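# Report on the structure
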Amino acid sequence: MTTTLELDDITRTYGPETAVEDLSLTVRDGELFTLLGPSGCGKTTTLRLLAGLEQPTSGTVSIAGQTVASAAASSSPDERDVGLVFQDFALFPHMTVGENVAYGIADRPAEVREARVTELLDLVDLAGFKDRDPAELSGGQQQRVALARALAPEPAVLLLDEPFSSLDIRLRVEMREELARILDDAGVTAVSVTHDQEEALSISDRIGVMHDGHLKQVGAPEAVFENPESRFVASFLGQAGFLTGRVSERRVDTAVDTLPREQLVGATEQYVGATIDVLVRPDDLRARPVADETDADGVIARRQYTGPSFVYHVELTNGDEVRCRQNHTERYAVGTPVDLDVVAEHALAWYPQR
Ligand code: ATP
């Protein structure tokens, strides 16, 4: 059976507020699809529409070819064959771990239930925890139990809303890798929602970037990161900066460097003479301190120490602001005049100046 999910031209309004507008999306069988975007962009509403916790104002939701929601009627989460792992879906404190996992399969014969609980606790690496109380578990272990509980009835689709946001960063990284493995092993189609770009990029088969109730771009993580179709998506992913560039026959001149025109994807002959914004991320640039400010491209305005590296915010003399990531041994003070080079050898995205 195919478990493809489809949102067709969905709009959801709350009084004068439009949370999601004209959104169409197909999630493929077996994939992990992640919606991401800034706060208030409509991610959670989209997930709740898929879950059956919200009804669309217009448009339809289908699961496995069957319409489960429209403006006229909407089936409940129970009728939809979906598993939910939401941030605020706590475990039942008065039940053991095993009883929590078995909660959604109470109607099955005892031996089937037992076998399924054992299988799932194995899957989430909690074999031997069956008789424990949830209160005796760490945050990460509790989330694994929540995952096992959601998977127990073998839902066609698993929906996850920021499931690890309450965990500390180290555990979060561990859990997201675990999640990808567990979903893969379970062979389930999943849609997740997160603020965490790194999480979305590292575990998803495809991502969808949302803004203001609209889906701005959908694709494989690498494709969206390397080729953001809009300035918004570019700005949202990966600490983007923009260099003003002037396109000529062979080159693009920017305040910091001259680039070959062919390095800019799609900057064809017709753009000769145009002024554009070239997308540069911290790894695309390199800063070198210079003694004389008059030789500098700009000045270090701020810096962030991340452990392995420094991220320098450089204010260019023409007003552009960009960031560069340098090794932690390259320690420069705020106010240092620097010369910048574009060190990226890959194709660069760009946008016509407004
Ligand atoms: P966050 O990342 O902060 O959770 P989000 O991207 O998940 O945000 P949504 O929760 O989907 O965003 O909200 C989208 C918009 O719809 C927001 O402007 C929000 O205020 C509005 N909204 C969501 N739910 C309701 C509601 N029940 N009543 C009124 N407005 C709502």
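Residues numbered from 1 in each chain as written. Predicted model: local features only at pLDDT ≥ 70, side-chain atom pairs only at ≥ 80, totals over all residues. Heavy atoms only, no water.

## Overview of the site of the ligand
- For the ligand, the full set of nearby residues is Tyr14, Glu17, Ala19, Pro38, Ser39, Gly40, Cys41, Gly42, Lys43, Thr44, Thr45 and His195.
- A distance of 2.5 Å is found between an oxygen atom of the ligand and a side-chain nitrogen or oxygen belonging to Ser39.
- Protein chains shield 62% of the accessible area of the ligand, which is 630 Å² for the free molecule.
- Ranked by residues supplied to the shell around the ligand, first place goes to helix α1 (residues 43-51) with three residues. (Near = heavy atom within 4 Å. Polar contact = N/O pair within 3.5 Å; in protein donor to acceptor, adjacent residues only side chain to side chain. Areas by Shrake-Rupley, 256 points an atom, 1.4 Å probe, with all protein chains shown as cover. Helix = DSSP H or I, 4+ residues; strand = E, 2+ residues; numbered from the N terminus.)

## Points about the sheet that holds strand β3 (residues 32-36)
- Pairing is mixed across the open sheet formed by six strands, whose spatial order is β6-β7-β8-β3-β9-β10. Each edge of the open sheet carries a strand with a single partner, namely β6 (82-86) and β10 (214-219). If you compare each strand with its neighbour and ignore which way they point, the axes differ by 15° on average.
- Of the pairings in the sheet, the one linking β3 to strand β9 (residues 206-211) comprises four bridges and is parallel in character. For Leu35, the partnering residue across the bridge sits in β9 and is Gly208. (Pairing = 2+ DSSP bridges. Axes fitted to C-alpha atoms, helices over the stretch in contact; angles between N-to-C directions.)

## Regarding the packing of helix α4 (residues 139-151) against helix α5 (residues 169-186)
- Viewed as axis vectors pointing N to C, α4 and α5 meet at an angle of 20°, and their least axial separation amounts to 11 Å. Our classification of the angle between α4 and α5 gives roughly parallel. Seen along the crossing, α4 lies across α5 with a hand that is right-handed. From α4, Gly140, Arg144, Leu147 and Leu151 reach across to α5, where they touch Leu171, Glu174, Met175, Glu178, Leu179, Ile182 and Ala186.
- Partitioning the contact of α4 with α5 into residue classes produces seven nonpolar, one polar and three charged. (Parallel < 35°, antiparallel > 145°, perpendicular 65-115°, else oblique. Left-handed = near helix turned anticlockwise from the far one by under 90°. Contact = heavy atoms within 4.5 Å. Nonpolar A, V, L, I, M, F, W, Y, C, P; charged D, E, K, R; others polar.)

## As for the environment of Thr275
- Position of Thr275 among the secondary structure elements: in strand β14 (residues 275-280).
- Considered as a pair, Thr275 and Val247 are 28 residues apart in the sequence and their alpha carbons are 6.4 Å apart.
- If sequence neighbours within four positions are ignored, Thr275 has contacts with Thr244, Gly245, Arg246, Pro352 and Gln353.
- Among the polar contacts listed, one links the side chain of Thr275 to the side chain of Arg246, at a separation of 3.1 Å.

## Topic: the nonpolar core
- Within the largest apolar cluster, 34 residues are counted, with the highest numbers of intra-cluster contacts made by Val101, Leu147, Leu151 and Leu158.
- Going through the elements one at a time, α2 (97-102), α3 (110-123), α4, β7 (157-161) and α5 are the ones with two or more residues in this core.
- Among the elements that make up this core, the one with the highest residue count is α4 (six residues).
- When residues no more than four places from it in sequence are discounted, the contact partners of Leu158 are Gly83, Leu84, Val85, Leu147, Ala150, Leu151, Leu183, Val188, Thr189, Ala190 and Val191. (Core = buried A, V, L, I, M, F, W, Y, C linked by side-chain atoms within 4.5 Å. Buried < 20%, exposed > 50% of the residue type's maximum accessible area, 1.4 Å probe, protein only.)

## Description of the domain arrangement of the protein chain
- By the assigned domains, the protein chain splits into domain 1 (3-235) and domain 2 (239-352).
- Tallying the contact residues gives nine residues for domain 1 and nine residues for domain 2.
- Summed over both sides, the interface between domain 1 and domain 2 buries roughly 740 Å², with carbon and sulfur atoms accounting for 47% of that surface.
- The largest contributions to the domain 1 side of the interface with domain 2 come from Phe225, Arg231 and Ala234, which together make up 61% of the buried area.
- On inspection of domain 1 and its partner domain 2, the count reaches one salt bridge.
- With its nearest N and O atoms 2.4 Å apart, the salt bridge here joins Arg231 to Asp277.
- Scanning the region where domain 1 abuts domain 2 turns up four residue pairs in polar contact (both at pLDDT 80 or more).
- Only α7 (221-226) and α8 (231-236) provide two or more residues apiece to the side of domain 1 that touches domain 2.
- When residues of the side of domain 1 that touches domain 2 are assigned to their parent elements, the largest contribution, three residues, is made by α8.
- When its residues are assigned to classes, the side of domain 1 that touches domain 2 shows three nonpolar, three polar and three charged. (Domains from an automatic or database assignment. Buried area = accessible area lost by both parts, 1.4 Å probe. Salt bridge = Lys/Arg side-chain N within 4 Å of Asp/Glu carboxyl O.)

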